[in-house]
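Okay, here's what each chain looks like letter by letter:
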2 protein chains.
Amino acid sequence: MKLILLSGGSGKRLWPLSNEARSKQFLKVLQDEKGNSESMIQRIYKQIHKSCPEAEVIIASSEAQSDSIRRQLGSQVEKVEEPSRRNTYPAILLSATYLLDKRQVPEEEVVAVLPVDTYVEQDYFDKLQEMEQALLDAKANICLLGVKPTYPSEKYGYIRGRELTDKSYGLVADCVEKPDLQTAQKLMEEGAFWSGGVFVFRLGFLKKLIQKEMGQVSFEQLYARYDELPKSSFDNEVIARTQSMVFVRYDGEWNDLGTWNTLTEQMKEADGGIVIRDENCKNTHVINELEIPIVALGLQDTVVVASADGILVSNKHASSFLNPYVEQIHNRPMYEKRQWGEYKVLNFAKCHIGRECSLTKHMHVEAGRSLSYQMHHLRDEVWTIIDGEGQFLLNGEMRKVTRGEVLYIKRGQWHAMASKEGIDFIEVQLGTDLVEEDIERGAWDWGNIL
Amino acid sequence: MKLILLSGGSGKRLWPLSNEARSKQFLKVLQDEKGNSESMIQRIYKQIHKSCPEAEVIIASSEAQSDSIRRQLGSQVEKVEEPSRRNTYPAILLSATYLLDKRQVPEEEVVAVLPVDTYVEQDYFDKLQEMEQALLDAKANICLLGVKPTYPSEKYGYIRGRELTDKSYGLVADCVEKPDLQTAQKLMEEGAFWSGGVFVFRLGFLKKLIQKEMGQVSFEQLYARYDELPKSSFDNEVIARTQSMVFVRYDGEWNDLGTWNTLTEQMKEADGGIVIRDENCKNTHVINELEIPIVALGLQDTVVVASADGILVSNKHASSFLNPYVEQIHNRPMYEKRQWGEYKVLNFAKCHIGRECSLTKHMHVEAGRSLSYQMHHLRDEVWTIIDGEGQFLLNGEMRKVTRGEVLYIKRGQWHAMASKEGIDFIEVQLGTDLVEEDIERGAWDWGNIL
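This write-up is about the structure you can find in this document. As the structure is a prediction and not an experimental result, all values here were calculated from the model.

Looking only at helices and strands, chain A features 10 helices and 30 strands. For 450 residues, the compact-globule estimate of 2.2 N^0.38 gives 22 Å, and chain A sits close to it at 25 Å. Considering only C-alpha atoms, chain A reaches an extent of 75 × 60 × 45 Å along its principal axes. Burial status across chain A gives 56% buried among its 450 residues. Contacts in chain A between residues at least 24 apart in sequence constitute 66% of all its contacts with a sequence separation of at least 6. Put simply, chain A shows about 19,300 Å² of open surface, and 46% of that area lies on carbon and sulfur atoms.

Before going further, it helps to examine helix 4 (residues 123-138) of chain B. Each turn of an α-helix holds 3.6 residues, which means side chains three or four residues apart point in the same direction. Residues and elements named next belong to chain B. Given a rise of 1.5 Å per residue, 16 residues ought to cover 22 Å, and the 23 Å separating the end C-alpha atoms of helix 4 matches this to within 8%. Within the sequence span of helix 4, burial applies to Y124, F125, K127, L128, M131, E132, A134 and L135. Two residues or fewer past helix 4, K139 is found with a positive phi of approximately 50 degrees.

What follows deals with the pairing of strand 12 (residues 245-250) of chain A. All names here are of chain A. The buried fraction of strand 12 amounts to 5 of the 6 residues, a majority that puts the element mostly inside the structure. As defined by bridge partners, strand 8 (residues 142-147) adjoins strand 12 across 6 bridges and the pair is classed as parallel. Residue pairing in the sheet places C143 in a bridge with V246 of strand 12. Across 2 bridges, the pairing between strand 10 (residues 170-176) and strand 12 is antiparallel. Counterpart to G170 in the pairing with strand 12 is F247.

What follows concerns the relation of the copies chain B and chain A. Mapping chain B onto chain A is achieved by rotating through 180 degrees and translating by 0.0 Å along the same axis, at an RMSD of 0.1 Å. Here the two chains are linked by the operation of a two-fold rotation axis. Taking C-alpha positions as reference, the residue of chain B nearest the rotation axis is L346 of chain B, located at 2.8 Å. Comparing interface residues between copies, 100% of those in chain B also lie at the interface in chain A; the contact surface is shared.

With that out of the way, let us pick up the interface of chain B and chain A. Chain B puts 58 residues into the contact, and the matching count from chain A is 58 residues. Across the interface of chain B and chain A, roughly 4,400 Å² is buried in total on both sides, 67% from carbon and sulfur atoms. Together, L297, I311 and R403 of chain B form the three largest contributors to the area buried by chain B at its contact with chain A, with a combined 15%. Joining chain B to chain A, the criterion identifies 2 salt bridges. A salt bridge links R403 of chain B to E356 of chain A; the shortest N-O distance between them is 2.7 Å. At the junction of chain B with chain A, the criterion picks out 19 residue pairs in polar contact (both at pLDDT 80 or more).

Now for the pattern of salt bridges. Scanning all chains against the criterion turns up 70 salt bridges over all chains. Between R241 of chain A and E237 of chain A there is a salt bridge whose closest N-O contact spans 3.5 Å. A salt bridge links R85 of chain B to E82 of chain B; its shortest N-O distance comes to 3.2 Å. Beyond isolated ion pairs, a larger network of salt bridges with shared partners links K2, E56, E78, R103 and E109 of chain A.

Time to look at the packing of aromatic side chains. Residues and elements named next belong to chain A. Scanning the model with the defined rule gives 32 aromatic pairs over all chains in all. Ring centres of F199 and F234 lie 4.8 Å apart, and the angle between their planes is 40 degrees; this geometry places the pair in the tilted category. In this pair, F199 sits in strand 11 (residues 193-202) while F234 sits in helix 8 (residues 234-237), placing the two residues 35 residues apart along the sequence. Here F199 matches F234 in class, with each residue buried.

Looking now at the sheet that holds strand 19 (residues 310-315) of chain A. Spatially, the 6 strands line up as an open sheet ordered 14(A)-16(A)-18(A)-19(A)-17(B)-15(B), and their pairing is mixed. Since the sheet does not close on itself, it has two edges, and those belong to strand 14 (271-272) of chain A together with strand 15 (275-277) of chain B, each with one partner. Inspection of the sheet shows strand 15 of chain B paired to strand 17 (residues 294-297) of chain B by 3 bridges, in the parallel sense. Its bridge partner being in strand 17 of chain B, R277 of chain B is matched across the sheet by A296 of chain B.

Criteria and cut-off values
- Residues numbered from 1 in each chain as written.
- Chains lettered and ligands numbered in written order.
- Predicted model: local features only at pLDDT ≥ 70, side-chain atom pairs only at ≥ 80, totals over all residues.
- Heavy atoms only, no water.
- Helix = DSSP H or I, 4+ residues; strand = E, 2+ residues; numbered from the N terminus.
- Rg over C-alpha atoms; globule rule 2.2 N^0.38 Å.
- Buried < 20%, exposed > 50% of the residue type's maximum accessible area, 1.4 Å probe, protein only.
- Contact = heavy atoms within 4.5 Å.
- Areas by Shrake-Rupley, 256 points an atom, 1.4 Å probe, with all protein chains shown as cover.
- Expected span 1.5 Å × (residues − 1).
- Pairing = 2+ DSSP bridges.
- Least-squares fit on C-alpha atoms with pLDDT ≥ 70 in both.
- Buried area = accessible area lost by both parts, 1.4 Å probe.
- Salt bridge = Lys/Arg side-chain N within 4 Å of Asp/Glu carboxyl O.
- Polar contact = N/O pair within 3.5 Å; in protein donor to acceptor, adjacent residues only side chain to side chain.
- Phe/Tyr/Trp six-rings, centres within 6.5 Å; stacked < 30°, edge-to-face > 60°.

Below is the structure:
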């Protein structure tokens, strides 16, 4: 069996920690049994390998997530990078094509697709084998995971079906997309299950879908024509239209870590970062990524989250309805982790005349890493080295630089920085369009510098 | 009658807006009748001149507040600057000595001392004339303002006394310092009054106190020996020990703007700065001085305040008990308004070895202002001009600088900046002790530059 882990997009439901450059599955807000912090993707990846040590896992993700995946799971992880974000249906078709075309996986092979942002206990993964058995035993098209509902939720799809007394699985009658509260209540009373977002099928089933959608395509062809695929979910495009589906029931702990309300339930520590609270705070979580203190007094059922992007102060229940408020915010990301290290935006200022402005960043290049050889068209940069040392490259000339030096990079000049032991500098950008996209990249061989 | 306005110290009860450099009376959190924002000191100063257009007002303050007072009230304001902060007893003695010695005010003159941080209606100031009349009529030592209590408060002192049926004032029996809740309840039932912190006396009464404490002293002598005076309140040192006091009753609106709880009651706008809230927020105030957004969802009876110094999220009632939590914070001020403009700390970073560190600031010199000619012993500074232009002075040599220029100031070098139209720069400090106190100041005549 092959596993496809769907590493989803830039959900804003965990704003201000998640942003376009920082998807929620990479946030280190969970704790492992030793108390070390870990992310959702780290937890689920570890759990998969514990249940299925031989599992071949492929991660469907965007190019923007590559650095985070390598950083958190290691560089050996097999990825299928989507050329753009389009929803689960295109992502699963692309991953299946990858298996068929690039990996020559036979059509009889069973594939399981799993979301990356569920918080579950270990027995959840044992179900994958059961689902494969059910699929084959019932000669079904798809096997779903049915999660026993604990309350009438409007946030999940439901599976209606009939459990078989002599089998460990049931037959799906139909699937209901996110219902209203009243319908959810009724579905729960009827004994319907939440759809856990796990899909198990033979690869050949997917191959037929791909052919129907795009004709006979290689991976490269599908990649090139990716934007022709509908921006739609696998639930809508496939599950809602497929006959002959079975489901395996799961009664264990299951939590989609999609909102602060559900995420904080799984957080062992109530506070993160510099937080001072009084004894009267009840059921309150405070997560502070800023360098200034948060003082929390007399709060009940509240979540406070502060990052360089903004500050959320919310009643826990209300935090589930965060999306439309965050959509009103159109700021650039103020903090990003990259392959070479990280940056934080310290200041943005418009000039009093014209379109000129300035942006100040704290840049940290990690030990043994380098910034790509790059050039900007619309800005000069002033780098003041505040810690460490490195090799500075300007128009092909390399020299050692250290704390206290100031480097002036004019627009049009090619430049880079590499550091064996790590280097920090304050970057002041001066120009008209101070965006990450104003960059041309070249190649440079650092040789034995790193 | 002379008025002494006591411009108090660095209260932390309105943290994070008030800090050591920014006392609460200068926060522009109130609105005048036209909706323009104003500070406590601006409001009270305006009210005094409305009731008593001829009033001579002296403001007792610290040197650190000089810039703020000039900025908010104008440069014509008469100030008595305390050499150090010691509480109200020394401050009133110093102000009285100033009137006697520097201004030659006769001993018969009546003086009123008022706190600067009360929120009152205009009729409060009409009481000052009544208090003078009462003092003279009763031949009393002191006349106090008795405020009709609206609830049994543990935060105020109480006046017990007897109102006279044929007079507009009453006789003070005794004063009770901040009582516990039970005693407060009892005092209220007995008909006691809150002490409004207003003291009216003849200057000669104060002269005797000064002589008893210090002998015959000039203003300069008292100023020089200021630290010999006890760090104690006027209530403790004088009110509690004085016979023959009267009081004038005040029934109007009276609110000491000492806590977020009471201050937000007077704020016409619930939000300040970049704030997004849902419709379910009730009795909630959000004040945001940061450049990142605050999203507030489903909050009740909550105050959220964010500044460069930190973030407070508090139940309104609990905000009255903020002090001990803020005392745990020992950060340097991250934002200061100065006579020359303002600065904001953007970043502080320790080096990976030794005691070296760096501090990054956004500096704004206002149009027509200049930084003092100065020198640092323990740090170099790199200034990158991001907006405007100015005259840069380095070791006596002056030159014009403009956006995009980088200025490197080594430790030991004398430097300054003046600007006719205003200038902004990013300052990166590199050294071992990056504190405001590492500064020597010299003189420079900018001549016709400004």
